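Coordinate inspection notes
Each chain, letter by letter, is given below.
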Protein chains: 2
Amino acid sequence: MKTYGVIMAGGGGTRFWPLSRKETPKQLLNLSGNNFMVNEAIERLSRVATYKDIFVVTNALQKNKLMQIIDKRIKPDHVLVESAARNTAPCIGYAAIEIMKKYGDGIMVITPSDAYIRDSETFANILRVAIKTVRDTDKLVTIGITPTCPSTAYGYIKYEESAEEVKKVLRFVEKPNLKLAKKYCKSGNFVWNSGIFVWKASTILQKYKEFLPDVYACLEQLADAFGHDDEKEIIENIYPLIPSISVDYGIMEKCDDIMVVPGEFGWNDVGSWDTFGALHEPDDNGNVALGNVITFDTANSTILSSGRLVSVIGVKDLVVVETPDAILVCAKEKAQDVKKVVDALKKEGREELL
Amino acid sequence: MKTYGVIMAGGGGTRFWPLSRKETPKQLLNLSGNNFMVNEAIERLSRVATYKDIFVVTNALQKNKLMQIIDKRIKPDHVLVESAARNTAPCIGYAAIEIMKKYGDGIMVITPSDAYIRDSETFANILRVAIKTVRDTDKLVTIGITPTCPSTAYGYIKYEESAEEVKKVLRFVEKPNLKLAKKYCKSGNFVWNSGIFVWKASTILQKYKEFLPDVYACLEQLADAFGHDDEKEIIENIYPLIPSISVDYGIMEKCDDIMVVPGEFGWNDVGSWDTFGALHEPDDNGNVALGNVITFDTANSTILSSGRLVSVIGVKDLVVVETPDAILVCAKEKAQDVKKVVDALKKEGREELL
């Protein structure tokens, strides 16, 4: 049975402003210095699926930019466009039914496009274990990240201890407070929820039918449009009608028999500016300074220039990001509050800065 | 005897980078939000001298910019150009000999152009007291700023206590360390040296002849060029030959009979970014935010945007200055270190940023 790669690249996200914008979200940026994030995700999946079997789901606003930068080995008709943001269940469902109806059942390896993974081959091995599990058991499998700290930024997965590499999921838990996070990490049988899934297209669609009938009904309508001359327009019109829901809430938390493969592969979701520094080797002062930057007496800071000189004196634990039309100066510990700036701009109708 | 105003506007200065540049030093900036600093200096002097009796000394690099913004009531031939930076003694000497030879002896009121004065009329009254003293006694008079704190940034003047408004200077002292500064302030008979002088042109020229004969000889050469067709070129060639020295070292510290008028008029030399905030009313968070700025959880900071959005989150006591080609992010307490950035740019030959 064939393995298909599916990259979810339709997300918006505001915590990476001002670098990320509506039309250029994080996944369409080159943050590591090597390649655009979405292409790095494609490269990783190419180790378990061929390029012609990899799909990328994007969103209407970002499609043009994506097509400019996407790895040219991805077939244009394998770029699926969401005409509205509807969270992960519709996104995955769309890919599943596209695969099922147009190409035939197969094992889907679904990943986000905006996380950084340092050890690609270790990751590929973890995926291979998950793929084999799906092939052998037809279960829903997810990848869990072995925690490196009691992070409060991720959902966690509790699993049943066993000697096996692939564990049974006991339950999914919400992003915890620090106290709980420490407890989870101490337990030893908790992993971070990575948003990476491996399952058969037919199996997941069955689950949608059972647990998300409204979504499933919409997916069937999408499928009815396949092969029509105006397939694109029809899908564009149907898509916003799909209920918005995450696959975690909609499916994972309702199913009994989910498996998780814990792994360590230098994963960083680069969720906000305070974690960006992990993608680069800091200098002797703990600074990550990229581009046209001069510093004095500055430590543990992340400083990005997109072109103009950025000079930083006498600070620590600061994020400074310069873009052509906006500058951010933010204490690392307040990185989550970048959202407040974005909300303020939205409220003021300053779309050109978003 | 006529009163002439003389504004020393030829200075460079690097502590105000990136706002000030070689061609646009502090005095040619509008920092208060009202008018360019040099024009604010002109306005103050216009309270004791007529516009047609006010001279502005500039430097060759800045002349064009000055002429674009200078108060149009200043006569173009009253703008004197230094073809090289030679500190205050040559600058003042040039103005003195220009006045003496071309217009006739008079009382010179000499001020820098890059200090902020909040209470212009109080200042004018102090000047009037100084002018009267010169008229009556023909002494050299300087204005002293009543200290508002034990600043280590200024030279101090010790004076003889008396009931008179005009005091006898006992001695000039260098910029002190904090311990000394506190001692001076506690004594009660010390003022900051403001760099503001009042004296007759003939008197000061006599002092130059006595104490700075080399400078005086050059001034005589400048005067020889007056009225020639190529007066400007001749002066341009002579000027760099004048020994560079401050009027404080060259004259003031050598003379016996100097008077000082202490005053309080909301003076701020705006010497570096940490003092800039004093020119504006801070908001409830102690921030001075000018232009296109958004802040959250930020206090006691100075944030200037020249155009692009500057968003600041979670910091305090910070200076953030955005200009079209350079951004500065600097802890207020390290404001003096802006010079290090300027030196680094010079060293790298990055003239366009200076």
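Structure first, text after, so check above.
Description of the structure in this document.

About the thresholds
Residues numbered from 1 in each chain as written. Chains lettered and ligands numbered in written order. Predicted model: local features only at pLDDT ≥ 70, side-chain atom pairs only at ≥ 80, totals over all residues. Heavy atoms only, no water. Helix = DSSP H or I, 4+ residues; strand = E, 2+ residues; numbered from the N terminus. Rg over C-alpha atoms; globule rule 2.2 N^0.38 Å. Buried < 20%, exposed > 50% of the residue type's maximum accessible area, 1.4 Å probe, protein only. Contact = heavy atoms within 4.5 Å. Areas by Shrake-Rupley, 256 points an atom, 1.4 Å probe, with all protein chains shown as cover. Lys, Arg positive; Asp, Glu negative; His and termini not counted. Charge placed at Lys NZ, Arg CZ, Asp CG, Glu CD. Pairing = 2+ DSSP bridges. Axes fitted to C-alpha atoms, helices over the stretch in contact; angles between N-to-C directions. Least-squares fit on C-alpha atoms with pLDDT ≥ 70 in both. Phe/Tyr/Trp six-rings, centres within 6.5 Å; stacked < 30°, edge-to-face > 60°. Lys NZ or Arg CZ within 6 Å of the ring centre and 35° of its normal.

Right, let's talk about the overall build of chain A for a bit. Along chain A, the regular secondary structure elements total 11 helices and 17 strands. A compact globule built from 354 residues should have a C-alpha radius of gyration of about 20 Å, and chain A, at 21 Å, falls within 12% of that. Principal-axis analysis of the C-alpha atoms gives chain A an extent of 60 × 50 × 35 Å. The buried share of chain A, reckoned over its 354 residues, is 55%. Contacts in chain A between residues at least 24 apart in sequence constitute 67% of all its contacts with a sequence separation of at least 6. When the accessible surface of chain A is split by element, carbon and sulfur atoms take 47% of a total near 15000 Å². Here chain A carries 44 positive and 48 negative side-chain charges, and the mean point of each set is 3 Å from the other.

Now for the pairing of strand β16 (residues 318–322) of chain A. Residue and element names in this part refer to chain A. Burial within β16 is extensive, with five of its five residues counted as buried. Of the two faces of β16, the one lined by Leu-318, Val-320 and Glu-322 and the one lined by Val-319 and Val-321 are each fully buried. Relative to strand β17 (residues 326–331), β16 runs antiparallel, the two being bridged by five bridges. For Val-320, the partnering residue across the bridge sits in β17 and is Val-329. Counting the residues in the hairpin turn of β16 and β17 gives three residues.

Here we come to the sheet that holds strand β16 (residues 318–322) of chain B. An order of β13(A)-β15(A)-β17(B)-β16(B)-β14(B)-β12(B) is seen for the six strands of this open sheet, with the pairing classed as mixed. On the outer flanks of this sheet lie β13 (293–296) of chain A together with β12 (288–290) of chain B, each paired with one strand and no other. Between one strand axis and the next, the sheet turns through 5 degrees on average, direction left out of account. Sheet analysis places strand β14 (residues 302–305) of chain B next to β16(B), joined by four bridges and oriented parallel. The partner of Leu304(B) across the bridge, within β16(B), is Val321(B). Lying over the sheet, helix α11 (residues 338–347) of chain B contacts β13 and β15 (309–313) of chain A together with β17 (326–331) of chain B, oriented at roughly 135 degrees with respect to β13(A).

Moving on to the environment of Ile303(B). Residues and elements named next belong to chain B. Among the structural elements, Ile-303 can be located in strand β14. Expressed as a C-alpha distance, the spacing of Ile-303 and Gly-291, which sit 12 residues apart in the sequence, is 8.4 Å. Leaving out residues up to four positions away in the same chain, Ile-303 has contacts with Val-288, Ala-289, Leu-290, Val-293, Thr-295, Thr-298, Val-310, Val-312 and Val-320.

It is worth spelling out the relation of the copies chain B and chain A at this point. Structural alignment of chain B on chain A gives an RMSD of 0.1 Å, achieved by rotating through 179 degrees and translating 0.1 Å along the axis. Viewed as a symmetry operation, the transformation between the two copies matches a two-fold axis. Identified as the residue of chain B closest to the rotation axis by C-alpha distance is Val329(B), at 4.0 Å. Residue by residue, 100% of the interface of chain B is reproduced at the interface of chain A, so both copies engage with the same surface.

Time to look at the packing of aromatic side chains. Counted by the stated rule, this structure contains 26 aromatic pairs over all chains. Where Trp192(B) meets Trp267(B), the ring centres are 6.0 Å apart and the plane angle is 50 degrees; that geometry is what we call tilted. Taken together, the residues span a long stretch of sequence, with Trp192(B) in strand β9 (residues 190–200) and Trp267(B) in strand β11 (residues 267–268) at a distance of 75 residues. Overall, the relative accessible area of 4% leaves Trp192(B) in the buried class. One residue, Lys102(A), lies across the ring of Phe226(A), its end atom 4.6 Å from the ring centre. If you follow Arg73(B) out to its NZ or CZ, it ends over the ring of Tyr51(B), 4.0 Å from the centre.

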